[in-house]
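Residue strings, one per chain:
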Amino acid sequence: MSELMEVNDSNFEDEIVKSELPSMVDLWAPWCAPCRTIRPWIEELAQKYNGKFKAAKLNVDGNPNIPNQFGVRAIPTVLFFKDGELADTIVGAVGKTNIEKVMLKLME
């Protein structure tokens, strides 16, 4: 399974906000057990929709600006973007189906 693209405070706008594809960003931290739970689902969906949807991860421990900018107060949080705007947010360790539903909605 392919690794997710890593984004940070410096490249977030170029890689995610300016992306021509709808995008999702998994906000996580190494110490976060629920983050490790959803990671395989995020990776699987990224591979399934490769070329139709951009998927990335952002470690909140080293990149505080993006979580603050979007009001993230808990992790895991998955931010979804379309046309340069935040389109949806999922907070917590939800199932793969819930994540995929948001992706499909944004690909319409």
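Residues numbered from 1 in each chain as written. Predicted model: local features only at pLDDT ≥ 70, side-chain atom pairs only at ≥ 80, totals over all residues. Heavy atoms only, no water.

*Asks:* Help me understand the pattern of salt bridges, please; the structure alone is not making it clear to me.
*Replies:* Side chains that carry opposite charge are capable of pairing whenever their charged atoms lie near each other. Summed over the entire model, instances satisfying the criterion amount to seven salt bridges. A salt bridge links Lys-54 to Glu-15; the shortest N-O distance between them is 3.2 Å. Of this pair, Lys-54 sits in strand β3 (residues 54–59) while Glu-15 sits in helix α1 (residues 12–17), placing them 39 residues apart in sequence. Residue class for Glu-15 comes out partly exposed when judged on its relative accessible area of 28%. In this structure, Asp-88 engages Lys-105 in a salt bridge whose closest nitrogen and oxygen atoms are separated by 3.0 Å. Placement of Asp-88 in strand β5 (residues 85–91) and of Lys-105 in helix α4 (residues 96–106) is noted, with a sequence separation of 17 residues between them. A residue is classified by how much of its surface remains accessible, and Lys-105, at 43% relative accessible area, is partly exposed. (Salt bridge = Lys/Arg side-chain N within 4 Å of Asp/Glu carboxyl O. Helix = DSSP H or I, 4+ residues; strand = E, 2+ residues; numbered from the N terminus. Buried < 20%, exposed > 50% of the residue type's maximum accessible area, 1.4 Å probe, protein only.)

*Asks:* Please explain the sheet that holds β3 as it appears in this structure.
*Replies:* What holds strands together in a sheet is hydrogen bonding between their backbones, with the strands either parallel or antiparallel. Taking strand neighbours across the sheet as the criterion, the five strands line up as β1-β3-β2-β4-β5 in an open arrangement whose pairing is mixed. In the strand order of this sheet, the two ends are held by β1 (5–6) and β5, each with one partner. Helix α2 (residues 33–48) contacts β2 (23–28), β3 and β4 (77–82) of the sheet and is inclined by roughly 160° relative to β2. (Pairing = 2+ DSSP bridges. Contact = heavy atoms within 4.5 Å. Axes fitted to C-alpha atoms, helices over the stretch in contact; angles between N-to-C directions.)

*Asks:* Just to check I follow, could you spell out the state of the cysteines for this structure?
*Replies:* The term disulfide refers to a covalent linkage connecting the sulfur atoms of a pair of cysteines. Taken as a whole, this structure holds one disulfide when the rule is applied. Here Cys-32 is linked by a disulfide to Cys-35, with a sulfur-sulfur distance of 2.3 Å. Here the S-S torsion is close to 80°, and the disulfide linking Cys-32 with Cys-35 is therefore right-handed. Taking relative accessible area as the criterion, Cys-32 reaches 3% and is therefore assigned buried. For Cys-35, a relative accessible area of 2% puts it in the buried group. (Disulfide = S-S within 2.5 Å.)

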